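Residue strings, one per chain:
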Amino acid sequence: MEFLGMTGNEWIMLGIIIFVIYSQLATKMTTDVVYLIAMLAIMLTGLMDSIEVFNGLITPATLFMLFMFVIVECMHQTGALKWLMKHLLGKHRNMTITLSRLTLISSVMSAFICNPSVGQIMYESVAQWGRRFHLKPSKLLLPVAYLIAIGGTCTVIAYPVNLLLISLLEHSTGQHYSIFVTLPGGIVCTVVCIIAILLLQRFLPDCKDPNDALAATEEYIVEMMIPSNSQYVGKTVHEAGLDKLGCGQIVRIVHFDRDSISPVAPDSFLFGGDRLVFTGDVTELLKLRNDMGFVSSTHHVSSVEEIKGKSEVYKVSITTRNENIGRSISQTSFEKRNNVVLVALLREGERIDKLPRETALRAGDTLLLEGNWHDITTHTDQYIIHNDWITGKLGWRGSLSVLMMLLTIAAATIGILPLADATFLTAILLCCIGCCTRKQAWTSINWSIIVMLTGAFALGVAMKTSGLAATLSEVIGSMCGGSMLQTVIVLTISAILMTQVLFDATVVPVLAPIALESAAQLGIDPLPLVMAVLLGSACNFTTQISTAHMMMVYPLGGYRLKDLIRFGLPFCFIMAITIVAAVMMLY
């Protein structure tokens, strides 16, 4: 039975697509939850059975991504990624050379190991490196983000959506494609993007560095505790030299019995278990804490020896999805669960009078934590981790992890092993030699992305089997008059427009089946139309809401939405023209 020229299954599928798009635009549901609901709807409506729906979970693309998370975690733990960034960035000479080097590094790295963890390290490293040479992060991070997005189209293995798109292509054609099938178009777009950035560098946003807030001593509060065996127990604040600090001032003392002293007089006595609250230069205050033998404030300790081992200090920003918003750290199990200690708290634009551990958290608060920063990486939707205080050292395990990563790519390229098999073998070997623990390997897997890949694959297949893809491709065909050029233009523009407001994981499963059906109706190889979708979906330049990379650089660079639109809009036009030309000439 048809209604308005569409069957019941097509209307059902269209409703599911509309739900997925609406959920991305108008709700706070995460992408994995949206796709789980879509998969359930596909099963319950009979469009596909449960086995067909979950076929995407065992595709080579999904398995590769799963094992790749473990490999990257091994490179993470061994310090290989930080070591690479440190030695690749070099020194700043002039802006043109710096941007050329940064964009080239970003595009090459993103072509092979582009996932959120690597992107985060790259952005933090670039921002920290720029500050050393008095360069604002806003001048560096946007070009890096653009080239990570475009450079990631050079290989199939770079992005989850690349793997998804090629999986749908292989499922439709029954052919096997090389991991470098996207290389010609990806290289052309990458080169054009680099040239455009160099020519338009004077228009890069000039935003205030968010890290400048660290210098605002009236906004930062640091808390520390006096151990019971400290040499300063029984002395006054003046005798301990805490009343005249060059790096800040002591503003409160909380005794072990919760008696609070504020303001603090020079003749106030210090006791074991006292919690001292300072404002000032956080770096110098942490140095003062170590020099005087004080400790981070959690529970009462007898000596500094009790908490040795918590040597890494790093920053974490609270996101709007954080479960602890509205509660203080002392009211939660946050420190115990993540094996960290709260050292300081920063709230931009507001002076905090309470103790850091007793201050109710808000979205946007920055926490200075002490402990193992890897323990918190499984909660990336709740925290943005700024690990720019951490330096990586490269040992033999780090060198081996880089070498094995290169051998994995080579083995898959030559055809010695399938891609999923090669990454599985590498992940197992790296874990066996101690590059990461079993717990670290397991928690490194981003299950949200795995669910997203599974759901997006099911969505793409369901669009084809329901007949909706064929119907929509007929509409496009009638608009384009059977012209391949016009079809490429329509798909490219559609992908670029949709990816400004939707996750690429939504754009690809919607447009890829239409591209495949359009190619069948035109009687041409589907690869050119698929490449138009792939390249177009990588061009999110004007908003921060639809890709993880733009979400990461947005707060780091201090950008505003109008900054992204002003600089990104011309790039959308440039890349649209480049994509159409590259697809028509190379494929």
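Given the structure is predicted, the values throughout are model-derived calculations rather than measurements. (Residues numbered from 1 in each chain as written. Predicted model: local features only at pLDDT ≥ 70, side-chain atom pairs only at ≥ 80, totals over all residues. Heavy atoms only, no water.)

A. View of the overall build of the protein. A tally of regular secondary structure across the protein gives 22 helices and eleven strands. The 587 residues of the protein split such that 55% are buried. If you take every contact in the protein between residues at least 6 apart in sequence, the share linking residues at least 24 apart comes to 78%. Of the accessible surface of the protein, which amounts to about 24600 Å², a share of 62% is contributed by carbon and sulfur atoms. (Helix = DSSP H or I, 4+ residues; strand = E, 2+ residues; numbered from the N terminus. Buried < 20%, exposed > 50% of the residue type's maximum accessible area, 1.4 Å probe, protein only. Contact = heavy atoms within 4.5 Å. Areas by Shrake-Rupley, 256 points an atom, 1.4 Å probe, with all protein chains shown as cover.)

B. Structural context of the packing of helix α4 (residues 60-77) against helix α14 (residues 419-432). In contact at an axis separation of 8 Å, α4 and α14 are set at 25° when each is read in the N-to-C sense. Judged by the inter-axis angle, α4 sits roughly parallel to α14. Judged by the twist between their axes, the crossing of α4 over α14 is left-handed. Residues P60, L63, F64, F67, V70, I71 and C74 of α4 touch α14, and the partners they reach there are L419, A420, T423, F424, T426, A427, L430 and C431. A per-class count over the contact of α4 with α14 returns 13 nonpolar, two polar and no charged. (Axes fitted to C-alpha atoms, helices over the stretch in contact; angles between N-to-C directions. Parallel < 35°, antiparallel > 145°, perpendicular 65-115°, else oblique. Left-handed = near helix turned anticlockwise from the far one by under 90°. Nonpolar A, V, L, I, M, F, W, Y, C, P; charged D, E, K, R; others polar.)

C. Structural view of the packing of helix α17 (residues 468-480) against helix α18 (residues 484-499). Viewed as axis vectors pointing N to C, α17 and α18 meet at an angle of 125°, and their least axial separation amounts to 9 Å. Viewed along their axes, α17 and α18 adopt a mutual orientation that is oblique. When the axes of α17 and α18 are compared, the crossing they make is right-handed. Touching I476, M479 and C480 of α17 are Q486, T487, V490 and L491, all from α18. Split into classes, the residues belonging to the contact of α17 with α18 amount to five nonpolar, two polar and no charged.

D. View of the nonpolar core. Formed by 135 residues in total, the largest nonpolar core has its most connected members in M13, Y123, Y146 and L459. The residues contacting M13, other than those within four sequence positions of it, are L47, L459, A462, M463, S466 and L468. Counting 24 residues, the second-largest nonpolar core is a separate cluster that includes L242, L285, L286 and M292. (Core = buried A, V, L, I, M, F, W, Y, C linked by side-chain atoms within 4.5 Å.)

E. Examining the side chain of T471 more closely. As for its position among the elements, T471 is in helix α17. We classify T471 as buried; its relative accessible area is 16%. Of note is the side chain of T471, whose polar atom sits 2.8 Å from the side chain of E10. (Polar contact = N/O pair within 3.5 Å; in protein donor to acceptor, adjacent residues only side chain to side chain.)

F. Here's a closer look at the packing of aromatic side chains. In this structure the tally under the stated criterion is eight aromatic pairs. With 6.0 Å between their ring centres and 25° between their planes, Y146 and F567 make a pair best called stacked. Of this pair, Y146 sits in helix α8 (residues 137-151) while F567 sits in helix α22 (residues 561-586), and the two are 421 residues apart along the sequence. With a relative accessible area of 0%, Y146 lands in the buried category. Ring centres of F541 and F571 lie 6.1 Å apart, and the angle between their planes is 70°; this geometry places the pair in the edge-to-face category. Remark: F571 occurs in helix α22 and F541 occurs in the loop between α20 (527-537) and α21 (548-557); sequence separation between them is 30 residues. Here the two residues F541 and F571 agree in accessibility, since each one is buried. These aromatic residues form a ring-pair network of at least three members: Y146, F541, F567 and F571. (Phe/Tyr/Trp six-rings, centres within 6.5 Å; stacked < 30°, edge-to-face > 60°.)

G. Highlighting the pairing of strand β6 (residues 275-280). For β6, a buried count of six out of six residues is recorded, marking the element as mostly surrounded by other parts of the structure. Side chains R275, V277 and T279 of β6 all project onto a buried face; the interleaved residues L276, F278 and G280 project onto the opposite face, where all are buried too. Here strand β4 (residues 248-254) pairs with β6 via six bridges, running antiparallel. Bridging across to β6, V254 finds its partner in R275. (Pairing = 2+ DSSP bridges.)

H. View of a nonpolar patch on the surface. A grouping of I414, I416, L417, L425 and L429 is seen on the molecular surface, where their side chains present a nonpolar patch of about 470 Å² in accessible area. For I416, the location among the structural elements is in the loop between α13 (396-414) and α14. Given the relative accessible area of 60%, I416 is considered exposed. (Patch = residues over 30% accessible without salt bridge, like charges linked within 9 Å, V, L, I, M, F, W, Y side chains within 5 Å. Salt bridge = Lys/Arg side-chain N within 4 Å of Asp/Glu carboxyl O.)

I. Here's a closer look at α22. In this model α22 runs 35 Å from its N-terminal to its C-terminal C-alpha over 26 residues, within 8% of the 38 Å that 1.5 Å per residue would give. Within α22, the axis deviates most sharply at G568, by approximately 35°, and proline P570 lies no more than four positions further along. (Expected span 1.5 Å × (residues − 1). Bend = angle between axes of the 7 residues up to and from the residue.)

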